[in-house]
Amino acid sequence: MNKKWWKESVVYQIYPISFLDTNGDGIGDLRGIEAKLDYLKDLGVDVIWICPIYQSPNHDNGYDISDYQAIMKEFGTMEDFDRLLEQAHARGLKIMMDLVLNHTSDEHPWFIESRASKDNPKRDFYVWRKGKNGAPPNNWESYFSGSVWEYDDATDEYYLHLYSKHQPDLNWENPKVVECMHQMVEWWLKKGVDGFRLDAIAHIAKTVGLPDGPNPEHLPTVRAYELFSNLENVHTLLRNLHEQVLFHYDIMTVGETSGIGPEEALCYVGEDRGELNMVFQFEHMQIDALSGGSGKWDVRPWNLLELKKVIGHWQAVLHERGWNANYWCNHDQPRSVSRFGDDRNYRVESAKMLATFMHTLEGTPYIYQGEEIGMTNIAFKSIDDYRDVETVNFYQEQIRKGVPEGRIMEAIWKKSRDNARTPMQWNSSEEAGFTSGTPWIKVNPNYPMINVEKALRDPDSIWHYYKKLIALRKKHEVIVYGKYKLLLAEHPEIYAYTRTLGDVCLLVILNFLGGEPEFKLPTEIHQERGELLICNYPVKDEEELSRTFRLRPYEARVYLLSH
Ligand code: GLC
Ligand code: CA
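The name recorded for the chain in an unreviewed UniProt entry is oligo-1,6-glucosidase, from Paenibacillus azoreducens. As its UniProt record puts it under Sequence similarities (unreviewed entry), the chain is described as follows: "Belongs to the glycosyl hydrolase 13 family." If you open the UniProt record of the chain and go to Catalytic activity (unreviewed entry), you find "Hydrolysis of (1->6)-alpha-D-glucosidic linkages in some oligosaccharides produced from starch and glycogen by alpha-amylase, and in isomaltose."

The following block contains the structure:
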């Protein structure tokens, strides 16, 4: 067993624009984060992952960077950042930066030069191609709808963008790009940052020749993700980055890699590979999406057996060979309690149950801001209230295709990234205490009921439950390193498993739905006694593990077993 601090840590993700605004411009800022360091310390987290804070024209909320070594003016200054880092370190908190290596902003000086002329020295920093008979160079579809190609008048060529047209892809085949990126990463490491989340890292290499994706239906664009995801060259580039830069620092790294199962993930996180510490996988994020439909937007009911299959597979394959990053939610996903719990009838119970799951699996747990108080999805009536470029592009494309607006909005209410991007709900004062001005995106109207101040006052709140879960991780090594084993594999409502480390055994029992199924302890569990470590319902202190009992809706129990 290879012990590491980042395996024992809990990560808290901050989406800075929506965290806390300290100067009344309606936009969260670095001083806002600094003001809440004690709050995070009190919760017990170890690492703060901050979504991009670099200079950016904000077409994709900072994921379009125009200067990697400057702070977005709306968020503050480099002095603010240095102080934030120092203040975090003074409290024993680490800071993980979001590293966007796949693309820049179209306002980055490199791109401005690149598009100026074909013989500009920066031309090859990006991917330029001639059109094919007036059409784009190939049929790849962008993650944000439409073609990945944007025509540029100045030189009569197209540039490639896997995301929005304001996010041109860098050309990693150019050694000068690699060199600039390595230098930039090193610069942040010298500042003392403690890790990186590598955005869209699976896509930095594209299939040579940029061939068309298979398209029997002759559509204008097709999802050809496999032609630009997780290719062998991504691993070569990552190994170089690791060997030449990252390796020299005691940091943590997590890559964003859609489209892979655990076997492929081992190529990124295998302990013998020298690439990354862990990756965000997407298989469990797809259990409610209809494959073959409009990707994530076509929603289907999810079922527990599929979740067990996906998670169990990751737990098994990565055990002692790699490491998992466990999450329900982030700035790209709907709110977990609305998606996988019941935010109407059992919001508190189901949020606690979902948290119990993430914190008792093998892997590093990630908490997304607001998850610790059970924040929920938003359903704005009008598309005008949405800010997310992916959502707005999707809406416009569907309208063009003639899809009825009501149906589009239904999909957006379920899946829009803005579900997770409404301002953090700090208290019940106006705008949830997020800003004294007008927030950049509307606050969820449920803030008088769901907010931090209220949660801190209530000892039975979701917040206090999270705090307890995090504390348990620090106390019981089995929670970090124990081997996962599924129980009651076929049970459609109960997700139960053990985690075993030496002769210590943790038993996790989760009722994933709103019914009251009976739990029968499988005969393979021989231990006679169980100490109840945590439960999301009131229990009598002396309550012992009995061999059969009925679970309450969304009930979660974690026992430490002994003979
Ligand atoms: C990642 C980010 C997402 C962003 C995209 C493009 O998926 O998480 O927010 O839009 O990359 O940078
Ligand atoms: Ca501000």
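Engineer: Could you give an account of the pairing of strand β10 (residues 252–256), with specific residues and numbers?
Structural biologist: Counted residue by residue, β10 has five buried out of five residues, so it is predominantly covered. Of the two faces of β10, the one carrying Met252, Val254 and Glu256 and the one carrying Thr253 and Gly255 are both buried. Across four bridges, strand β9 (residues 195–199) lies against β10 in parallel orientation. Counterpart to arginine 197 in the pairing with β10 is valine 254. Note that the unit made of β9, helix α7 (residues 232–244) and β10 has a crossover that is right-handed. For the crossover from β10 across helix α8 (residues 262–269) to strand β11 (residues 278–280), the handedness is right-handed.

Engineer: Explain α8 to me, and be specific about the residues and the numbers.
Structural biologist: Every buried residue belonging to α8 is among Pro262, Ala265, Leu266, Tyr268 and Val269, and all of these are buried. All buried residues of α8 lie within an arc of 160° about the axis, which places them on one face of the element. Against α7, β11 and α9 (304–318) lie the buried residues of α8.

Engineer: An account of the coordination of the calcium ion (ligand 2) is needed here, citing residue identities and associated values.
Structural biologist: Coordination sphere of the calcium ion (ligand 2), protein contribution only: Asp21 (OD), Asn23 (OD1), Asp25 (OD), Ile27 (O) and Asp29 (OD), at 2.3 to 2.4 Å. Between the donor residues of the calcium ion (ligand 2), the gaps in sequence give the motif D-x1-N-x1-D-x1-I-x1-D.

Engineer: Break down the sheet that holds strand β6 (residues 128–129) for me, with residues and values.
Structural biologist: Taking strand neighbours across the sheet as the criterion, the three strands line up as β6-β8-β7 in an open arrangement whose pairing is antiparallel. The open sheet is flanked by β6 and β7 (149–152), the only strands paired with a single partner. Pairing analysis gives four bridges linking β7 to strand β8 (residues 157–160), with the strands arranged antiparallel. Across the sheet, residue glutamate 150 finds its bridge partner in β8, namely tyrosine 159.

Cut-offs applied
- Residues numbered from 1 in each chain as written.
- Chains lettered and ligands numbered in written order.
- Predicted model: local features only at pLDDT ≥ 70, side-chain atom pairs only at ≥ 80, totals over all residues.
- Heavy atoms only, no water.
- UniProt positions renumbered as here; feature names shortened; annotations may be inferred.
- Buried < 20%, exposed > 50% of the residue type's maximum accessible area, 1.4 Å probe, protein only.
- Helix = DSSP H or I, 4+ residues; strand = E, 2+ residues; numbered from the N terminus.
- Pairing = 2+ DSSP bridges.
- Right-handed = clockwise from strand over helix to strand, strands pointing away.
- Arc of directions from axis to C-beta.
- Contact = heavy atoms within 4.5 Å.
- Donors = N, O, S within 2.8 Å, 3.2 Å for Na, K, Ca; no water.

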